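Breakdown of the fold
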Amino acid sequence: MSAITQLRNPPRRRGMCPGVLAPMEVGDGLLVRVRVPAGVLPAASAARIAELGRRYGNGLVDLSHRGNLQLRGVAATDMAALIEELRALGYVSEDAESEAVRNVLTSPTAGLDGTAVLDVRPCALALDARLAADRDLHRLPPKFGWLVDGGGQATLFDSSTDVRFDAVAGAVDGPLFRVGLGGTVEGATVLGHCRPDDLVELAAALARTFLELRQTLAEPPRRMAGLVKALGVEVLRERMAGMLTGPLPPALARGSLPPPPVAVEGEAAAVPSPSQRGRVREGATSPTRLFLGPQPSWLGVAFPFGRLDVDRLEALAALTHEIRITPWRALLLAAPQEGAAETATALGGILDHHDIRLKLTACSGVTGCDVGTTDTHADGLAIAGRAAGLLEAVRMVHVSGCAKGCAHPGAADVTLTAREGVYDVALNAAPGGMPWRSGLTPDAAVAAVADLSVEELSRVR
């Protein structure tokens, strides 16, 4: 079973509504998030969701960084009918409490990638089901997240979450999961290792322990990293000792993981990791994920800003039996039909990791946000048309509809922040940062970025 929530742009920051039925407005109507367990969406379900988006929404579909689909422009009067249709498909939780905690991010290539350590779909689906069924766990904070990564070409090494299970090879009796608390694969605190069969029970025990220990603090943390910082990892390790494995091979005992894949010229298409963007390249090759374009078991397709429409979703569904939703705002078509790459390209899909449009990040702007005052997508594509040389040399240009930076709150090489129909342009800064140029019309801002040299950008640190 999957789930659905509505999002909005509240005064301070975009967030999840704790209920599944309360209508919440964004600039173009209701924004409906459809969660896909383990990221596996049958083609028939994708086609049906496209039909519902056409009937009840404005036809636009967004791909989120948490591996979800978002249907845009739903009218409040149509919400009940849409939810009933999605419930019939199995994509609505039975209650708001279980919906809020089922935040499980999973390797999108699980079962497709022969280089992965483990097919993690059974573990991820079992964890999703446990979170939905165990009412004790419904007390978790709504954004408390879980990650189950099998490794391989599309590793989730830089996705930050509260509890992560990263598959590692080398144990005598088969693969294990390295259990990390609070962060990316490099930044998380290592709790220990567990067997795949113990993952769900360990996760439930960790959740209960988190809920118990957070109440002992004057300011109960809402994220696992905060609890670890306040109490240390040993308290949790002692509580979980009976579920952690040992002794381990030396490499695993040190908590090591295989390095993330790195692309070189001529290898399969890849896109840079978001955590590696935001600074001018300085000679080193960035970690990448090798998943775009034709692969042995799938076809990877991205779209500018993670935005497509129901017609494109429906057309892509006709090319495969199953679509995988990735947290990198791209889709994977499993075992695609012959000619699928050409069709996807004709639909506007991006199959080449060198495509400069992948360097652009933008929120919905005035076309989809109640506080946006500029057409961020159009302005971003205008930059792609005029500043190809700059985009080839940097890792990210961010066009933000306001200073909140919903699409990317961190620093980018170039950040355009809109206010009252004009842009402030900052270099190597986050949205709202100290401007390099201010008060520019959209056309002037595009021209300023197009005229910016890599040398000038490099001088601003």
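As shown above, the structure is provided for reference.
What comes next is a walk through the structure. All figures in this text were calculated on a predicted structure; none of them were measured in a lab.

Secondary structure summary: the chain contains 14 helices and 23 strands in total. Look at the contacts in the chain between residues 6 or more apart in sequence, and 62% of them connect residues 24 or more apart. In the form shown here, the chain has an accessible surface area of approximately 18200 Å², with 54% of it arising from carbon and sulfur atoms.

Let us look at the pairing of strand β18 (residues 330-334). In terms of burial, β18 is largely enclosed, as 5 of its 5 residues are buried. With burial as the criterion, each face of β18 is covered, one bearing Ala330, Leu332 and Ala334 and the other bearing Leu331 and Leu333. Across 5 bridges, strand β15 (residues 298-302) lies against β18 in antiparallel orientation. When the sheet's bridge partners are listed, Ala302 is paired in β18 with Ala330. Across 3 bridges, the pairing between strand β17 (residues 322-325) and β18 is antiparallel. Considered in β18, the bridge of Ile323 is made with Leu333. Following β17, the chain reverses through 4 residues before pairing antiparallel with β18; Arg329 in that reversal takes a positive phi of roughly 55°.

Another point: the pairing of strand β11 (residues 176-183). β11 sits mainly inside the fold: 8 of its 8 residues count as buried. Hairpin geometry of β11 and strand β12 (residues 189-194) is characterised by an intervening segment of 5 residues between the two adjacent antiparallel strands.

What follows concerns the sheet that holds strand β9 (residues 146-149). Judged by pairing direction, the sheet is mixed, and its 5 strands sit side by side in the order β8-β9-β10-β11-β12 without closing on themselves. Across the chains shown, the open sheet's two edge strands, defined by having one partner strand only, are β8 (104-106) and β12. Recorded for the sheet is a direction-independent mean angle of 20° between the axes of neighbouring strands. Taken together, the 4 bridges between β9 and strand β10 (residues 161-168) define a ladder with parallel strand orientation.

The strand order β19-β20-β21-β22-β23 describes an open sheet built from 5 strands, whose pairing is mixed. Across the chains shown, the open sheet's two edge strands, defined by having one partner strand only, are β19 (360-362) and β23 (437-440). Sheet twist, expressed as the average angle between the axes of neighbouring strands with direction ignored, equals 20°. As judged from the 2 bridges shared by strand β22 (residues 422-429) and β23, these two strands associate in the antiparallel manner. What sits directly across from Val425, in β23, is Arg437.

Our focus in this paragraph is the side chain of Thr161. Within the secondary structure, Thr161 sits in strand β10. On the basis of relative accessible area, Thr161 is assigned to the buried category, the value being 6%. Among the polar contacts made by the side chain of Thr161, one reaches the main-chain carbonyl oxygen of Gly145 at a distance of 3.0 Å. At a separation of 3.3 Å, a polar atom in the side chain of Thr161 contacts the main-chain amide nitrogen of Trp146. Ignoring sequence-local partners within four residues, the contact set of Thr161 consists of Arg66, Gly145, Trp146, Leu147, Gly182 and Gly183.

Helix α13 (residues 442-451) packs onto helix α11 (residues 376-386) with a crossing angle of 35° between their chain directions and a minimal axis gap of 9 Å. Both α11 and α13 take part in a crossing whose hand is right-handed. Across the interface between the two elements, Asp379, Ala382, Ile383 and Arg386 from α11 touch Pro442, Val446, Ala447, Val449 and Ala450 from α13. Per-class residue counts for the contact of α11 with α13 are 7 nonpolar, no polar and 2 charged.

Positioned with a positive phi, Phe305 is a non-glycine residue whose angle comes to about 65°. Position of Phe305 among the secondary structure elements: in the loop between β15 and β16 (307-309). Note on Phe305: relative accessible area 7%, which makes it buried. Phi at Ala335 takes a positive value of approximately 40°, unusual for a residue other than glycine. Within the secondary structure, Ala335 is located in the loop between β18 and α10 (340-346). Overall, the relative accessible area of 49% leaves Ala335 in the partly exposed class.

Glancing now at helix α4 (residues 121-133). The terminal C-alpha atoms of α4, which comprises 13 residues, lie 18 Å apart, in line with the 18 Å expected from a rise of 1.5 Å per residue. Of the positions making up α4, those classed as buried are Cys123, Ala124, Leu127, Asp128 and Leu131. Buried residues of α4 fall within an arc of 135° about the axis and therefore sit on the same side. Turned more than 90 degrees away from the buried face of α4 sit Pro122 and Ala133, all of them exposed.

We now examine the pattern of salt bridges. In the structure shown here, the tally under the stated rule is 22 salt bridges. With a closest N to O distance of 3.2 Å, Asp134 and Arg130 form a salt bridge. Via salt bridges that share partners, Arg130, Asp134, Asp136, Glu201 and Arg208 belong to a single interconnected network.

How each quantity is defined
- Residues numbered from 1 in each chain as written.
- Predicted model: local features only at pLDDT ≥ 70, side-chain atom pairs only at ≥ 80, totals over all residues.
- Heavy atoms only, no water.
- Helix = DSSP H or I, 4+ residues; strand = E, 2+ residues; numbered from the N terminus.
- Contact = heavy atoms within 4.5 Å.
- Areas by Shrake-Rupley, 256 points an atom, 1.4 Å probe, with all protein chains shown as cover.
- Buried < 20%, exposed > 50% of the residue type's maximum accessible area, 1.4 Å probe, protein only.
- Pairing = 2+ DSSP bridges.
- Axes fitted to C-alpha atoms, helices over the stretch in contact; angles between N-to-C directions.
- Polar contact = N/O pair within 3.5 Å; in protein donor to acceptor, adjacent residues only side chain to side chain.
- Left-handed = near helix turned anticlockwise from the far one by under 90°.
- Nonpolar A, V, L, I, M, F, W, Y, C, P; charged D, E, K, R; others polar.
- Expected span 1.5 Å × (residues − 1).
- Arc of directions from axis to C-beta.
- Salt bridge = Lys/Arg side-chain N within 4 Å of Asp/Glu carboxyl O.

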